[in-house]
Amino acid sequence: MLKIEALVSGYAHLEILHSINLKVEKGEIVSVLGSNGAGKSTLLRTISGILKPWKGTITFEGKLLNDLDPIQIVKHGVVQVPEGRHIFPGLTVKENLLLAGYKFGKIELSERYDSVYTMFPVLKEREKQLGGTLSGGEQQMLALARGLMPKPTLLLLDEPSLGLAPKLVTLIFKTLERFRDEGLTILLVEQNAKRALEISNRAYILATGYLALEGNSSDLISDQNVKRLYLGR
Amino acid sequence: MKKSTLISLLLLALSLVLPIVLSERPSLIAYLNLIMIYALSAQGLNLLLGYAGQVSLGHAAFMAIGGYTSAILVMQFGFNNIFSIISAILLTGFCGLFVGFPSLRLSGFYLAIATMALGTASADIIKRLSITGGDQGLRNIPPLNIFSYEFVSEIQKYYLLLIILLIVFILVKNLVNSRSGRALRAIRDAELTAETMGINIAYYKVVAFVISSMIAGLSGALYAHTISYLHPVNFGLSFSIELLAMTIVGGLATIWGPLLGVLFWVFLPRIIGARMEFLATAFFGIMVILSIRFFPRGLSEIIFRLERKLKLYS
Amino acid sequence: MFDIYLTLIARGLSTGAIYGLTAMGIVLIFQTNNILNWAQGNAGMFITYLAFFLLALQLPYPLVILLAIIAGAIMGGLVEKYLIRPVREKSRIGLLMITLGLAMVFEGLAAFIFRPFPRNFEPLLKGSIAIGPITLGQQDVLVIVLSTLIFASLFLILYRTKIGIGARGIAEDWYGARVLGVPVFTISLIIWSISFALSGLVGILIVPRFALEPHFMLPIQVKAFSAAVLGGMNSVLGAAVAGLLLGVMENIIAFHFPYLQESFSLVLVVIVLLFLPTGLFGKKTQRRF
């Protein structure tokens, strides 16, 4: 579904990713693990079109994404939930969702609201509340809901567990599994390697811009090296 | 001997003989004097904008404050010229503190707004006061008199201004290469990082701004005694903007940029002729935009690039 | 005596409406692009010159106003697309200087093309009307009515349309909006268009009070910046109210102390800086616009 070949990318004159190969098949959760500064966010930003790839190709369902801007990439069904959520604090919950569903007309939009509210009933209750007044957990729900608004086929998640209490992390990861069960494909970037490996089908491990390891999550979780380096035991 | 020192010495020699060559044309020397005065102000702005990354829209007002202070102290109170100029510098510095202190502890754009307000208000206040000559302007300001030596002719003024200009430029150069200068550049490039490095951002910004306004005050005082006439209209908001434009076009964060920008500003209208004079403003505006987009070091960068090209071919 | 004050206030409201409209344009651009647009005033000046020559061609006044608004919108769009957009992610101070350069371009071109001497510009409405004890120029009434309408429609745009909500989103989080697929550049372009169109309208409405010359918008821009700061720099509502307040206060002060009229805005700005850094309607609120 998503195929990344020999991707090189970075900021201004700073090369962060050095030749990355990665693919995501339909219906999978694939996680990308690695420590801070390994290039995980850079990878997602490049896929989303915020950063332009320097070399290599990003293809999604056979279409080349390299030269598209973020708006077109969202229209193709590749949607990112950015790190740190980026909720608009002064916009209501509904306005937050509206901006995520920017590409839709009126009728389709109200359909999308309904669908997202069924998934997250709490947001329906908070509809008119400002984003900044939500609790951390609710904000993460809103961020995920915004990710669903444009009807994505591939959801890119950047550290969805960041800054959340363990209980909420469990809730978020359960939600992700629910997403997959409903047919969504997910590329998950996480520092919380153990949790990510538990729910994902396959995983890639990034180290300073290179792919260090890849494999089935169930294999990686018992791999001694991975355990020592990334699972903290 | 290093090539850059050689060029500096050549330029110095040129600036020393220039008035002798031009001695038949005092009006041209007067132009050069004006250029040096403006270049002082522009250097002050360069310190602020180029090295500290702050914008002042009121440097013309600082010049006016310096000029009127020195002129009034000499004419009305019979002050010695040295004291009058020092007072002018100190008063301008105090005004800079008055505007800079409250605005620089707030976020980026407040200094621009505060200096803009000062720029408008000071011209207005000068116009209303009687001690400043009001709307008539202040005429017949005596020439500089230092230890009873009067700088009357354009050539005399020229050498005095040249010395002051060199001193100020060298001081600024030492300042920006000092520890404080590095702190300033760190703030300009990445405020957050500078803060985590333990640099007291507000302190350095205020100091840079006060020094910058003091240089403008000095420049204004020299203007008063060189041109011997002051009028508030010449120090309005438009001139502040033009000073900024000269600084940017000459080359931000380069020591000789301000002088280059001012040279260009004064001579461009003369080169393209009186009928096209107004186009000079538009042309300068375009130069500002082009500088920001393509030549962050302005004319200095263009010269530098040309020089490099020439080297490649030779 | 009291009647005089009523008239002063009414006239002040009309001046204040002008400040408010200009300040709204400044705040819109500041919020979405994080820059002070120094070209706001001179863009209006340039458009007013265009209007002057359209009027000289005997075109009907209302049509000229409409054309000027359209011209402003086009100019704003071009400026955003070709001058601001390429630099916007590089440096904020660079953006301010680009608008400074632009203001000089407008000034120089106006002086060169149209000659710099002052010209008389007729108002749309010449008479005056008496409302109770207040005597007010018809043009002043027009200004107040028009700016109320414009303010209401701006508010509707910002809170009821996708573009407006997008603009508010951009103002809070440019990156967040961009990741979501909000057309940030298109919205930014629309904001510049609205601001420049506003500036053109302001120029035509206010120029009959002065004379048409390349600097006539500068004092208005200074007042508008003061109003924007007084309003907290982050709300269109704040800018409008602060503009009105500034106009009224200035008019009353100028009546008693004529020599303070221009300096008043400095005093105000310094007070704001010292005591109300977030403006009159302060509180570090989340809500913008």
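Residues numbered from 1 in each chain as written. Chains lettered and ligands numbered in written order. Predicted model: local features only at pLDDT ≥ 70, side-chain atom pairs only at ≥ 80, totals over all residues. Heavy atoms only, no water.

1. Focus on the overall build of chain B
Reasoning step 1: Within chain B one finds 13 helices and two strands.
Reasoning step 2: Against the compact-globule benchmark of 20 Å for 314 residues, chain B has a radius of gyration of 19 Å, which places it among compact chains.
Reasoning step 3: Buried residues in chain B amount to 54% of all 314 residues.
Reasoning step 4: Across chain B, contacts joining residues at least 24 apart in sequence account for 74% of those joining residues at least 6 apart.
Reasoning step 5: Carbon and sulfur atoms make up 68% of the accessible area of chain B, which totals about 14,200 Å².
Reasoning step 6: Here chain B holds 22 positive side-chain charges and 12 negative ones, and the gap between their average locations is 8 Å. (Helix = DSSP H or I, 4+ residues; strand = E, 2+ residues; numbered from the N terminus. Rg over C-alpha atoms; globule rule 2.2 N^0.38 Å. Buried < 20%, exposed > 50% of the residue type's maximum accessible area, 1.4 Å probe, protein only. Contact = heavy atoms within 4.5 Å. Areas by Shrake-Rupley, 256 points an atom, 1.4 Å probe, with all protein chains shown as cover. Lys, Arg positive; Asp, Glu negative; His and termini not counted. Charge placed at Lys NZ, Arg CZ, Asp CG, Glu CD.)

2. So, the pairing of strand E7 (residues 154–158) of chain A
Residues and elements named next belong to chain A.
Reasoning step 1: Summarising burial for E7: five of the five residues are buried, a large majority.
Reasoning step 2: Both faces of E7 are covered, namely the face carrying Leu 154, Leu 156 and Asp 158 and the face carrying Leu 155 and Leu 157.
Reasoning step 3: One ladder, built from four bridges, connects strand E6 (residues 78–81) with E7; its direction is parallel. Each bridged residue has a counterpart across the sheet, and for Val 81 the counterpart in E7 is Leu 157.
Reasoning step 4: For E7 and strand E8 (residues 185–190), the ladder comprises five bridges, and the chain directions are parallel. Across the sheet, residue Leu 155 finds its bridge partner in E8, namely Ile 186.
Reasoning step 5: In this fold, the crossover linking E7 to E8 by way of helix H7 (residues 166–181) has right-handed handedness. (Pairing = 2+ DSSP bridges. Right-handed = clockwise from strand over helix to strand, strands pointing away.)

3. Some words on the side chain of Gln 139 of chain C
Reasoning step 1: Counting through the fold element by element, Gln 139 of chain C comes out in helix H5 (residues 138–160).
Reasoning step 2: For Gln 139 of chain C, the residues in contact, after removing those within four places along its chain, are Pro 123, Leu 124, Leu 125, Ile 204, Leu 205 and Pro 208 of chain C.

4. Digging into the packing of aromatic side chains
All names here are of chain B.
Reasoning step 1: Evaluation of the coordinates by the stated rule reveals 26 aromatic pairs over all chains.
Reasoning step 2: Between the aromatic rings of Tyr 158 and Tyr 159, the centroid separation amounts to 5.4 Å while the plane-to-plane angle is 90 degrees, which identifies the pairing as edge-to-face.
Reasoning step 3: With a relative accessible area of 3%, Tyr 158 lands in the buried category.
Reasoning step 4: According to the relative accessible area criterion, Tyr 159 is partly exposed, its value standing at 25%. (Phe/Tyr/Trp six-rings, centres within 6.5 Å; stacked < 30°, edge-to-face > 60°.)

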